[in-house]
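# Coordinate inspection notes
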Amino acid sequence: MTSFQRYRNLFIGLGIVFVLALLTNLMVGQVTIPIKEVIKSLTGGTTQKATWDYIIIHFRLPKAITAIIVGMGLSTCGLLMQTLFRNPLAGPYVLGLSSGSSLGVAFVILGASVLPVSLRSFFSSSYSIVTASCLGSFIVLLLVLMVSRKLRDTAGLLIVGLMFGSFTSAIVSVLSYFSSAEELQRFTFWSMGNIGNLTYGNISLLAVCLAGGLFMSLLVIKALDGLLLGENYASSMGINVKRTRLIIIWATCLLSGSITAFAGPIAFIGLAIPHLAKLLFQTSNHRILFGAILLLGAIIMLFCDTIAQLPGFNFTLPINAITSLLGAPIVIWLMVRKRSIL
């Protein structure tokens, strides 16, 4: 079997698994809906019960679409960061963007008590949280871009990103210390991630951000193969390393920043999925890996969301807890098999 045939079969298999994961996600929940009724509802038909249509179209389908976008976006960020830094343990939030988003949300939630009463209602709304998250991420992005112009190597950029993350996390800790139990609980719930309360308008905006991030990633997909062998080698091949690095940073910031703003910080997806794709396809060709991580990211996020719904129970587990429970053993296994991921 040639490499082309193997890749084709793998993509066909992943495509089938993706469809099954999507249908299962729409079927399972507090109310189990037969697969025939799910397909009927998705194709414009009428289900046996009107409530089933409402559950699928207004609750489960938006959540499934959000899971797909989050999985694809974070997986893309992970691949870009791991290639840019040539570090198998780099993830979407290595530049400190997640910490910047957390800082913005912390100011809104944990610092709302010091605001006038007339402003507290606005700062307690979901729109204020999204706005603060985007603003915090954008400020960190500007700082990273300013510093990146002064640095010649990506290793220094990695250290700067980690320092920004540590600095913002320290401020969040200080705000948490002076906050009430109710405010801490609300901030904790946000940090656990939530993909189930987005409207179709929110999803449309998130989809636009995903499309923009993927487009920028495609612009540098050829350069990514050269960066694997080092910046000097990439420069000798005629690749504009500085321009490529800037596009990668912008793509990562757009994807991870928008996802964190709407869904909260989602752990391990961006870290683990690129390695799973490399192990499954046995290649470092980014043209192949790009399609693989999109499918795998969507499948894993749908799978995690299905587990989080716990059929038969009247509660839903935080999505971040499920991704961490699933991702931590995978990352440990990958570290044990370090030769396979370097």
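Residues numbered from 1 in each chain as written. Predicted model: local features only at pLDDT ≥ 70, side-chain atom pairs only at ≥ 80, totals over all residues. Heavy atoms only, no water.

### Digging into the packing of aromatic side chains
Basically, it comes down to this: A pair of Phe, Tyr and Trp rings is counted when the ring centres sit within 6.5 Å of each other, with Trp represented by its six-membered ring. The angle between the planes then sorts it: under 30 degrees is stacked, over 60 is edge-to-face, the rest tilted. A run of H or I in DSSP counts as a helix once it spans at least four residues, and a run of E counts as a strand once it spans at least two, with each numbered from the N terminus. Remark: exposure states derive from per-residue accessible area (1.4 Å probe, protein chains only) relative to the maximum for the residue type, with buried under 20%, exposed over 50%, and partly exposed in between.
What the rule picks out here adds up to four aromatic pairs. Here the aromatic rings of Tyr7 and Phe281 are separated by 6.0 Å at their centres, their planes lie at 35 degrees, and the arrangement is tilted. Linking Tyr7 in helix H1 (residues 3-27) with Phe281 in helix H13 (residues 269-281), this pair joins segments that are 274 residues apart in sequence. Considered together, Tyr7 and Phe281 belong to a single accessibility category, that of buried residues. With a centroid separation of 6.0 Å and an interplanar angle of 25 degrees, the aromatic rings of Phe187 and Trp190 are classed as stacked. Placement of the pair is Phe187 and Trp190 together in helix H8 (residues 181-191), with a separation of three residues, close to one helical turn. One exposure class covers both Phe187 and Trp190, and it is buried.

### Remarks on the packing of helix H4 (residues 97-109) against H8
The criterion, for reference: Working convention: axes come from line fits to C-alpha atoms, limited for helices to the stretch in contact. Angles between N-to-C directions cover 0 to 180 degrees. In these notes the angle categories are as follows: under 35 degrees is roughly parallel, over 145 is roughly antiparallel, 65 to 115 is roughly perpendicular, and the rest is oblique. Helix crossings fall into two classes, left-handed where the near helix is turned counterclockwise from the far one by less than a right angle and right-handed where it is turned clockwise. Only heavy atoms enter the contact rule, under which two residues are in contact if any of them lie within 4.5 Å. Here the term charged refers only to Asp, Glu, Lys and Arg, the term nonpolar to Ala, Val, Leu, Ile, Met, Phe, Trp, Tyr, Cys and Pro, and the term polar to all other amino acids, Gly among them.
At their nearest, the axes of H4 and H8 sit 10 Å apart, and the two run at 150 degrees to each other. One element, H4, and the other, H8, form an angle in the roughly antiparallel class. Regarding H4 and H8, the two cross each other, and that crossing is right-handed. Counted together, Ser101, Ser102, Val105, Ala106 and Ile109 of H4 and Glu183, Arg186, Phe187 and Trp190 of H8 form the full contact between these two elements. Across the contact of H4 with H8, the residue classes tally to five nonpolar, two polar and two charged.

### Considerations on the layout of surface pockets
As a reminder of what qualifies: Points on a 1 Å grid, built from protein atoms alone, make a cavity when a 1.4 Å probe fits but cannot get out and make a pocket when they are open with protein on both sides within 12 Å along at least 5 of 7 lines; residues with an atom within 4 Å of a point are the lining residues. Grid points are joined across faces, edges and corners, and a volume is the space filled by probe spheres set on the points.
Of the volumes computed, that of the largest pocket is approximately 820 Å³. If you go around the largest pocket, you meet 35 residues; those closest to its centre are Gly193, Asn194, Ile195, Gly196 and Asn197. Contributing elements (two or more residues each) for the lining of the largest pocket: helix H3 (50-85), helix H6 (126-148), H8, helix H9 (200-219), helix H12 (241-263) and helix H14 (286-309). In terms of residue class, the lining of the largest pocket is made up of 19 nonpolar, 12 polar and four charged.

### Focus: the side chain of Glu37
Note the cut-off: Here a polar contact is taken to be a pair of N or O atoms separated by no more than 3.5 Å, where protein atoms must pair a possible hydrogen donor with a possible acceptor and residues adjacent in sequence count only if both atoms sit in side chains.
Tracing the sequence through the fold places Glu37 in helix H2 (residues 35-42). A distance of 3.1 Å separates a polar atom in the side chain of Glu37 from the backbone nitrogen of Gln48. In contact with Glu37, other than residues within four places in its own chain, are Thr47, Gln48, Trp52 and Ile56.

### Observations concerning H1
To be explicit about the condition: How far a helix is expected to stretch is found by multiplying one less than its residue total by 1.5 Å.
Helix length check: H1, at 25 residues, gives a terminal C-alpha distance of 36 Å against a target of 36 Å (1.5 Å per residue), a fit within 8%. Buried within H1 are the following residues: Tyr7, Leu14, Phe18, Ala21, Leu23, Asn25 and Leu26. Elements in contact with the buried residues of H1: H2, H3, H13 and H14.

### A look at empty space enclosed by the protein
If you walk through the whole model with that rule in mind, you get one cavity of 30 Å³ or more. In this structure, the largest cavity occupies an estimated 60 Å³ of space. Along its surface, the largest cavity is lined by Phe268, Ile269, Ala272, Ile273, Leu276, Ile300, Thr323, Leu326, Gly327 and Ile330. Mapped by element, the contributors of at least two residues to the lining of the largest cavity are H13 and helix H15 (319-336). When the residues that make up the lining of the largest cavity are grouped by side-chain class, the tally is eight nonpolar, two polar and no charged.

### A few points about the packing of H1 against H3
Two elements in contact, H1 and H3, have axes whose closest approach is 9 Å; the angle formed by their N-to-C orientations is 140 degrees. It follows from the interaxial angle that H1 and H3 lie oblique. Seen from above, H1 lies across H3 with right-handed handedness. In contact with Phe18, Leu22, Asn25, Leu26 and Met27 of H1, H3 contributes Arg60, Leu61, Ala64 and Ile68. For the contact of H1 with H3, the per-class residue count stands at seven nonpolar, one polar and one charged.

### Comments concerning the nonpolar core
Convention followed: The term nonpolar core refers to a set of buried residues drawn from Ala, Val, Leu, Ile, Met, Phe, Trp, Tyr and Cys, joined through side-chain atoms within 4.5 Å.
Ranked by internal contacts, the top residues of the largest apolar core, which has 57 residues, are Phe18, Val70, Leu74, Ile266, Ile269, Met301 and Leu302. Elements with a contribution of two residues or more to this core: H1, H3, H9, H12, H13, H14 and H15. The element best represented in this core is H14, accounting for 15 residues. Ignoring sequence-local partners within four residues, the contact set of Phe18 consists of Ile68, Leu295, Ala298, Ile299 and Leu302. Grouped together as the second largest cluster of nonpolar side chains are 28 residues, Leu80, Val140, Leu158 and Ala251 included.

### Thoughts on the pattern of salt bridges
To keep it simple, the criterion reads: For this analysis, a salt bridge means a side-chain nitrogen from Lys or Arg found within 4 Å of a carboxyl oxygen belonging to Asp or Glu.
Scanning the entire structure with this criterion turns up three salt bridges. Across the pair Lys63 and Asp305 runs a salt bridge whose closest N-O atoms are separated by 2.9 Å. Taken together, the positions of Lys63 in helix H3 and Asp305 in helix H14 put the pair 242 residues apart, joining distant regions of the chain. Between Arg287 and Asp225 there is a salt bridge whose closest N-O contact spans 3.9 Å. In this pair, Arg287 sits in helix H14 while Asp225 sits in helix H10 (residues 221-227), placing the two residues 62 residues apart along the sequence.

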